[in-house]
Amino acid sequence: MTVTAERLAPEAPARRPARRSRRPWPILVLSVAVVAVLALPIAFLLLEAVQFGWRALVPLLFRGLTAELLFNTVGLTLVVTLFAAVLGTLSAWITERTDLPARRVLAVLIVLPVAIPDFAVAFGWKSLFPSIGGFGGAALVMTLAVYPLVYLPVAASLRHADPSQSEVARSLGAGRVATFFRVTLGQVRLAVLGGALLVALVVLAEYGAFEILGYRTFTTEIFTEFTVGFNTPASCGLSLVLVGLSLIVVLGEGAARGRGRVSRGGALTPHAAHLVPLGRAKWWVLGGVVAFLGAAVGVPLGAILYWLVRGGSSTLPPASLLSAALHTALYSAGAGLLATAMALPVALLSVRHPGRLPAILERSTYLVLAVPGLVIALGFTYVSERDANGFLYQSAFLLILAYAVMFFPLALVAVRTSLAQSPLALEEVARSLGRPRREVLLRVTLPLVGPGLAAAFCLVFLEAVTELTATLVLIPTGSQTLATQFWAFQTNTAYGQAAPYAALMVAIAALPSVVLARWFDRLPGQAGAGRRPSTEGARLGPPGTVPT
Amino acid sequence: MGARAWVRRGRVAVTAVGVILAGATLAACSGGPASNVLTLYNGQHPETTEALVTAFEHETGITVLVRNADEDTLTNQITAEGARSPADVVFTENSPPLEFLSERGFLTQVAPSTLARVPARFSSPSGEWVGVSARVSVLVYNTDLVARHELPTSVLELAQPKWRGKLALAPGETDFQPIVTSVERRYGEAAALRWLEGLKANAGNHLYPDNETVTAMVNSGQAAIGIINQYYWYRLAAENGAAGTHSAIAFFEPHDPGYVVDVSGAGILRSSPHRAEAQRFLAFLVSDQGQRIIAHSESFEYPLVPGVAPPGGQRPLDQLQPTSISVADLGDGSTAVALLQKAQLL
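Not measured: the values here are computed from a predicted model.

**Details of the overall build of chain A**
Point 1. On a plain count of helices and strands, chain A comes out with 24 helices and zero strands.
Point 2. For chain A, buried positions account for 59% of its 548 residues.
Point 3. Here the contacts in chain A between residues at least 6 apart in sequence split such that 85% fall between residues at least 24 apart.

What follows is the structure in C-alpha cells.
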C-alpha cells in the first residue's frame, strides 16, 4: 500500500462485524443448495473422468501436444490479461483524469466492446483480414474483446477515488509519473485485480473466437476430443486440466488481493479530481485512442455492417430473425434473473458472515467458469434423463438453469462487490430500531445493493446471449437462438447471412451494457446514486474494498 | 426507503414471474411424445434436411421436429440420454457416428426394402443404418499459386518437403479420418504415422478446425493446397461467384488411398416409440423423390440411388474410381483418431 498520507480515518472497523453475528440458517441453507446445484456439472465431470480411467488419461495428457496446448493456453492467458490490464487501466486514466478533448464521448465508445461478443470480434478481423491467426492474432483479438472488463471497474474506481491523495503527493514534490504509479495505481489496485481475474477466466474458457481464428488451446482441444471420438469421458479428463488452471488463477488472485484496503479521508469533502493537462501530447494521445477504438469497435462493427450490406447467396433456411431474437432474449433474461437470485445468498453469507466455510463455498463457485459449456449441458442431460425420468429435459427452464450455473460467478462478483460497499451501519441502525432480520434484508440491504443486482443480471445476460455449445444440447427442439443461427451460417462461411444475427446480438446486448456501465460508474458511491455527497461522511468503510 | 424502491422491486418481481411462466409454458409445449410426430436429430446440412422434411411432411402428414447440431454433439448427446432419448431418427454427415451408436446398441434394424435401394457397400454392414448420400475427397488448390501439372497424384506426396508451408489441413474434421484409416489399411501403422508427421510439418500454422476454413484459406491464397470433400468447394464457388473463386479441385489418381467416398446416413433409435413412422422417413430419404431433392439441393452431395444424377455437372458417382475401403473398415473412426493423436495432430 503506497498510500500513507491519508490514513486519517480509522481503518473501517465498522465494516466488519465487530462481533461475529449469529449465522442465519436460512441463508446458509440456501447457499449450500446453490453450491450443490453448481457442483452437479463438476461432479459429472469427475465421474466421467474416473470412468475414462487414469490409465487412459495419462497417455492422452502427458504427450507433446499437451505441452504445446498448455503453452498456448497459459501464454495467451498471461499476455491477454497483461495487455487488457494495461490498456484498460491506461484508457480509464486517460478518460477520467486527463483533459483529453471529447473524453466523455470517447469513454462511451471505449465501453462499447462489452456488447460485442468475443467471437464477433474474431469474426470481424477474420472476415476482413483472412490471414489473421496464430498467437499474435489470438492475443490481439482477445485483448480487444475483453479489455472493458478491466476498464469498467478501474474507471469507476478512479472516478470515486479520493483525488486529494494525488494532490498531497504532488504537493510533497512527487512528479506526475511518480504520482500515477505510487498513488493512483495503488488506489485502483483492487479494481485492476478483479478485472484481470475475469479476463483470465474468460480467456481460459474461450472457444468461439479461437475456433474462428484457428488457434488451438486446451479448450478447443477438449471440443476436438468430443468431435473426433464422441469421447465424453476423454474430454472430461482433459477438462480437469482446465479446472486446475482456473484454480491457480482464482487462488492467485486471492493471494494478490491479500488484505489490501484502500483508505480515504472520511472527513474530507469530496471534490472533482484536477485533470492532468496533456499539453501538446494531447493530439498524439487522441490519435492513439481513436486508432485503438478503430481496432476494438470499428473493425467488428464495420465487418458486420459490410456483410449486412453485401449479403450472401447461400440457401440455408432463413429462420425467422425475430423468433431467434425473442428466444435469445427470453432465455438470457431468465438466466440473468436466476443467477442473480442464486448469487444473493452466497454473497450475503460471504460478506456479512465471513468465515472459513463461507469462503470455501464462495471460492468454489468460480471453478464452474472453467468447465466447458458442453460438459455442463451433458451433465444436466445425464441427470435429467437417467436419474430424473426425463424431468424438464430440453425444456426452456433447464436451459436457463444451465446458463445460470455457467455464468454464476459473474453474478456473484457483481452482487458481492456491491454488498461489500454498502454500509453495514444502516443495517445495524435498522436492527437497533427493532426491525426483524428479514425486514432489514428486504427494506435496507436489497435496495442498497439494487444496482449490483442489476449489474449481475446484465453480466449474465450478456454472456448467455452468445452461448452456443450448451444451447445446442439443451434448447427445446425446434427453437433457435441468435447464436445457433449465427454459427450455422458462419461455419458454412455464409458471412452475409451470419451478419444479421451478429448485428441483432449486439443490439440486444447494448441495453444491458448501458446498465452495466452505469453501475460501475456509481459503484463505490451509495446505491441510490445522486445522493452521494450527503452520505459521504457516514461512510466509514473504504471504497473499492472487497473483504476476503 | 421510499415507495419508488418498492415499485421498482415489484416490477422486477413481475418480470421474473412472467419470464418463468413463459419458460414453463414453453417447457409444457415441448414435452411428451405425441403420436404422428417424429423427432429427428440432424447432423446433416440444415438446408438439405429442411427440404427433405418439408416434402416428407407433405406426403405423409407426419410432423417432423428437427434438432440441428454437429453429428458429434448429437452422438455425445444420445450417449448421455441413454434409453430415454427423445430422438427417433439420427441423420449424420458421416458413417463413423452411426457405427459408434450401432456398436453401443443404440440403433435398430432398418427395413430390408429401404436397404435394398442403395448399393450394399454404402450402408451399415449390420443393417442398422442406411446410406443416403455421399461425397468424395479431392485436392483443392489455389490456381494462382499451383499449376495443375504440379499437383500430387497421391495423398502420400503431400507429406513431401516440397509442400512445406503450403498445405492447409483440418485434422479434427470428420472427413479427414477416413483418409487416415485408408492410408493405414494400405501401408500399415508405422508408414501412416510417418506420413501424418510429414503432413503436420508441412501444415505448420495452417491447421484449421474444419474443411470450410481449409477451402476458404486456399481460395484466398493463405495456403496453396488442401484436402477436402468436393462439396465444400462447390459451395464456396456458389457463394463467391466466379470473380471470387481463385481455386479449383482435382481428383487423386484412381484407387489412391486419399481418394475416398464418404457416406452420409440415417438410423433409427432402438428406444424410439415411433418406429413405423421412422421407417417411413428412412424409406423416403432413399426414394426417388428424396434422392432428387438431395441432388437438386445446394449441398452438392451425390445421391446414392442408381439413376439419380449428381448436382452441378459433377462426375457421376459410378464413374469415380475411389479406393476400395468400406464403411465397415472405417468403423467408428477410433483407429484414425489414435493415429492422429500419436502424430500430435489431435
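Next, the rest of the story.
**A few points about the side chain of D118 of chain A**
All names here are of chain A.
Point 1. Here D118 shows up in helix α5 (residues 118–128).
Point 2. Among buried Asp, Glu, Lys and Arg side chains, D118 stands out as unpaired, with K126 the closest opposite charge at 17 Å.
Point 3. Setting aside anything within four residues of it in sequence, one finds D118 in contact with M142, A145, V146, V202, E206 and A209.

**A look at the packing of aromatic side chains**
Point 1. A full pass over the atoms with the stated rule returns 19 aromatic pairs over all chains.
Point 2. Arranged with centres 5.9 Å apart and planes meeting at 65 degrees, the rings of F210 of chain A and Y215 of chain A form a pair that is edge-to-face. The same class applies to F210 of chain A as to Y215 of chain A, namely buried.
Point 3. Considering the side-chain rings of F486 of chain A and W487 of chain A, the 6.0 Å spacing of their centres and the 85 degrees angle between planes classify their relative orientation as edge-to-face. Residue F486 of chain A shares its accessibility class with W487 of chain A, and that shared class is buried.
Point 4. Pairwise contacts between aromatic rings join F119, F123, F486 and W487 of chain A into one cluster.
Point 5. Over the face of the ring belonging to F100 of chain B we find R104 of chain B, whose NZ or CZ atom lies 3.7 Å from the ring centre.

**A few points about the environment of A510 of chain A**
Point 1. Structurally, A510 of chain A can be placed in helix α23 (residues 495–522).
Point 2. Spatially, the C-alpha atom of A510 of chain A lies 40 Å from that of V168 of chain A, the residues being 342 residues apart in sequence.

**Concerning the domain arrangement of chain B**
Residues and elements named next belong to chain B.
Point 1. As assigned here, chain B comprises domain 1 (7–133 + 262–315) and domain 2 (135–260 + 327–342).
Point 2. Inter-centroid distance (C-alpha atoms) of domain 1 to domain 2 is 29 Å.
Point 3. Interface of domain 1 and domain 2: buried area, both sides summed, is about 1900 Å²; carbon and sulfur atoms make up 49% of it.
Point 4. Among the residues of domain 1 in contact with domain 2, P96, D262 and F300 are the three that bury the most area, contributing 33% of the side total.
Point 5. Here domain 1 is connected to domain 2 by one salt bridge.
Point 6. In this structure, the salt-bridge partner of R135 is E301, at a minimum N-O distance of 3.7 Å.
Point 7. Counting the contacts that link domain 1 with domain 2 gives 12 residue pairs in polar contact (both at pLDDT 80 or more).
Point 8. Every element with two or more residues in the side of domain 1 that touches domain 2 is listed here: α4 (95–103) and β9 (261–269).
Point 9. A per-element tally of the side of domain 1 that touches domain 2 places α4 first, with five residues.

Procedures and definitions
Residues numbered from 1 in each chain as written. Chains lettered and ligands numbered in written order. Predicted model: local features only at pLDDT ≥ 70, side-chain atom pairs only at ≥ 80, totals over all residues. Heavy atoms only, no water. Helix = DSSP H or I, 4+ residues; strand = E, 2+ residues; numbered from the N terminus. Buried < 20%, exposed > 50% of the residue type's maximum accessible area, 1.4 Å probe, protein only. Contact = heavy atoms within 4.5 Å. Lys, Arg positive; Asp, Glu negative; His and termini not counted. Salt bridge = Lys/Arg side-chain N within 4 Å of Asp/Glu carboxyl O. Phe/Tyr/Trp six-rings, centres within 6.5 Å; stacked < 30°, edge-to-face > 60°. Lys NZ or Arg CZ within 6 Å of the ring centre and 35° of its normal. Domains from an automatic or database assignment. Buried area = accessible area lost by both parts, 1.4 Å probe. Polar contact = N/O pair within 3.5 Å; in protein donor to acceptor, adjacent residues only side chain to side chain.

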